[in-house]
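Residue-level listing of the chains:
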Amino acid sequence: MNLKDITLGQFFPGNSFLHRVDPRIKLAGLLVYVVALFLANWFVTYGIMLALLVWGCAVAHIRAKTLLGGMKPVIFLLIFTAVLNMFYTPGTPLVSFWVFTITYEGILHAFFMVVRILMLICATFLLTYTTSPLALTDGLESLLSPLKKVKVPVHELAMIMSIALRFIPTLIEETDKIMSAQRARGADFDSGGLIRKAKALIPLLVPLFISAFRRADELATAMECRCYCGGTGRTRMRELHLRPADWLFLLGLVVVAVAVGLLAHVGL
């Protein structure tokens, strides 16, 4: 697996409609999409959610190769989830061997569960793909700003999320560099079984942790030099402004979510 396939947290600049949508609307839209996805319970409703996701990827100019490549890191999780659902969902038996029984309901449940996880990952990827970490932080801070009245450190929470999102691609880049250096010394990370591959990755952990702590220390030093004191008196690089198109985008998502809920209620 190429570490560069891990796309979560990576921002790709662009000028598409989704790139221009206000980050607050995109965060609220993602929440609406997740709710609708959990309401979906059959092929029709899942088809609607898939069509919406395909539309978003087309608008953001995301190639299918890029999207599918980002799924590689979670293949094991998907297989594990599918197997658990197939073997442990009661229903009409189809195949039985030893103490295991695969049911018709288990196969359906496993299929829908895998599709749901894939769509959740793709929707999150779509958010980070079209929204810079800074804009995402400002949007989250703005949405959570009412919590300041009850002494919740909203700015600090948003800052933590921003740093975490920035660290994902940074650590991937650092790991890729360390693996390249180890390969130049004769290390083999691709051949052998699962246990051998895991053992080959152990030498990467120490330099990776050192690199992560060094990056964190550099960030802390930079914030201290700038006399960082939270969000007090902070001037934003770019102010957030809601446009009519943003509200229409969110309204469309809400309409789709309501439609999915109604169709799910009647069993479609």
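Residues numbered from 1 in each chain as written. Predicted model: local features only at pLDDT ≥ 70, side-chain atom pairs only at ≥ 80, totals over all residues. Heavy atoms only, no water.

Q: How do you make sense of the side chain of Ser16 when you look at a structure like this?
A: As for its placement among the helices and strands, Ser16 is situated in the segment before α1 (17–20). On the basis of relative accessibility, which here comes to 6%, the residue Ser16 falls in the buried class. Among the polar contacts listed, one links the side chain of Ser16 to the side chain of His19, at a separation of 2.5 Å. The contacts of Ser16, once residues within four sequence positions are left out, are Val59, Ala60 and His61. (Helix = DSSP H or I, 4+ residues; strand = E, 2+ residues; numbered from the N terminus. Buried < 20%, exposed > 50% of the residue type's maximum accessible area, 1.4 Å probe, protein only. Polar contact = N/O pair within 3.5 Å; in protein donor to acceptor, adjacent residues only side chain to side chain. Contact = heavy atoms within 4.5 Å.)

Q: What's the story with the pattern of salt bridges in this structure? I'm lost.
A: Close approach of charged atoms allows side chains of opposite charge to pair. Considering all chains together, one arrives at two salt bridges under this definition. Across the salt bridge formed by Asp22 and Arg24, the nearest N and O atoms sit 2.9 Å from each other. As far as burial versus exposure is concerned, Asp22 and Arg24 are alike and both buried. Where Arg243 meets Asp246, a salt bridge forms, and the shortest distance between an N and an O atom there is 3.2 Å. (Salt bridge = Lys/Arg side-chain N within 4 Å of Asp/Glu carboxyl O.)

Q: Would you explain the confidence of the model for the chain in this entry?
A: Parts of the model with low pLDDT should not have their predicted coordinates read in detail. Model confidence for the chain is summarised by a mean pLDDT of 77, while 72% of its residues fall at 70 or above. For the chain, per-element mean pLDDT is lowest for helix α9 (residues 194–225), which scores 66, and highest for helix α2 (residues 23–39), which scores 90. (pLDDT = per-residue confidence, 0-100.)

Q: I'm lost on empty space enclosed by the protein in this one. Help?
A: Empty space among the atoms becomes visible once a probe the size of a water molecule is rolled across them. Going through the model one piece at a time under the given rule, you end up with three cavities of 30 Å³ or more. Within this model, the largest cavity holds a volume of roughly 260 Å³. Along its surface, the largest cavity is lined by 16 residues, and Leu18, Ala123, Leu126, Phe249 and Leu253 are the ones closest to its centre. Those elements that provide at least two residues to the lining of the largest cavity are α2, α3 (43–59), α6 (104–130) and α10 (244–265). (1 Å grid on protein atoms, 1.4 Å probe; cavity = no way out; pocket = protein on both sides within 12 Å on 5 of 7 lines; lining within 4 Å. Points joined across faces, edges and corners; volume = space filled by probe spheres on them.)

Q: Whenever I open this one, the environment of Ile75 confuses me. Can you help?
A: Among the structural elements, Ile75 can be located in helix α5 (residues 75–88). The spatial distance from the C-alpha of Ile75 to the C-alpha of Leu118 is 9.8 Å, given a sequence separation of 43 residues.

Q: Got a minute to help me understand a nonpolar patch on the surface in this structure?
A: A grouping of Trp42, Phe43, Leu94, Val95, Phe97, Trp98, Tyr104, Ile107 and Phe111 is seen on the molecular surface, where their side chains present a nonpolar patch of about 980 Å² in accessible area. Breaking the nonpolar patch down by element, the ones donating at least two residues are β1 (93–97) and α6. Assessed through its relative accessible area of 41%, Phe111 is described here as partly exposed. (Patch = residues over 30% accessible without salt bridge, like charges linked within 9 Å, V, L, I, M, F, W, Y side chains within 5 Å. Areas by Shrake-Rupley, 256 points an atom, 1.4 Å probe, with all protein chains shown as cover.)

Q: Help me understand the packing of aromatic side chains in this model?
A: As enumerated under the stated definition, the model contains 10 aromatic pairs in all. Members of the aromatic cluster, joined through ring pairs, are Trp42, Phe43, Tyr46, Phe111 and Phe112. (Phe/Tyr/Trp six-rings, centres within 6.5 Å; stacked < 30°, edge-to-face > 60°.)

Q: Whenever I open this one, the environment of Met49 confuses me. Can you help?
A: Following the sequence through the fold, Met49 ends up in helix α3. Judged by relative accessible area, Met49 falls into the buried class, the value being 0%. Along the chain, Met49 and Arg116 lie 67 residues apart, while their C-alpha atoms are 9.5 Å from each other. Other than its neighbours up to four places away in sequence, Met49 contacts Tyr33, Ala36, Leu37, Ala40, Met119 and Val260.

Q: Would you mind going over α2 with me for this structure?
A: Because the α-helix completes a turn every 3.6 residues, residues three or four places apart line up on one side. The end-to-end C-alpha separation of α2 is 24 Å, in line with the 24 Å expected for 17 residues at 1.5 Å each. Of the positions making up α2, those classed as buried are Pro23, Arg24, Ile25, Lys26, Leu27, Gly29, Leu30, Val32, Tyr33, Ala36 and Leu37. In the core, the buried residues of α2 are packed alongside α1, α3, α6, α7 (133–144) and α10. Of the residues flanking the start of α2, the one acting as N-cap is Asp22, its side-chain oxygen 2.8 Å from the backbone nitrogen of Arg24. (Expected span 1.5 Å × (residues − 1).)

Q: I keep staring at the nonpolar core and nothing clicks. Help me out?
A: Among the nonpolar cores identified, the biggest contains 37 residues, and Leu18, Tyr33, Met49, Ile62 and Met119 are the most heavily contacted of them. Core analysis: the next-biggest nonpolar cluster, separate from the first, contains six residues, Leu78, Ala110, Val114 and Ile117 among them. (Core = buried A, V, L, I, M, F, W, Y, C linked by side-chain atoms within 4.5 Å.)

Q: I would appreciate a short explanation of the state of the cysteines in the present structure.
A: A covalent bond between the sulfur atoms of two cysteines is referred to as a disulfide. Per the counting criterion, the structure on display carries zero disulfides. Residue Cys57 stays outside any disulfide, its sulfur separated by 6.3 Å from that of Cys122, the closest cysteine. (Disulfide = S-S within 2.5 Å.)

Q: Please clarify how unusual backbone geometry should be interpreted in this entry.
A: The residue His61 is not glycine, and still its phi comes out positive at about 60 degrees. Within the fold, His61 resides in the loop between α3 and α4 (64–69).

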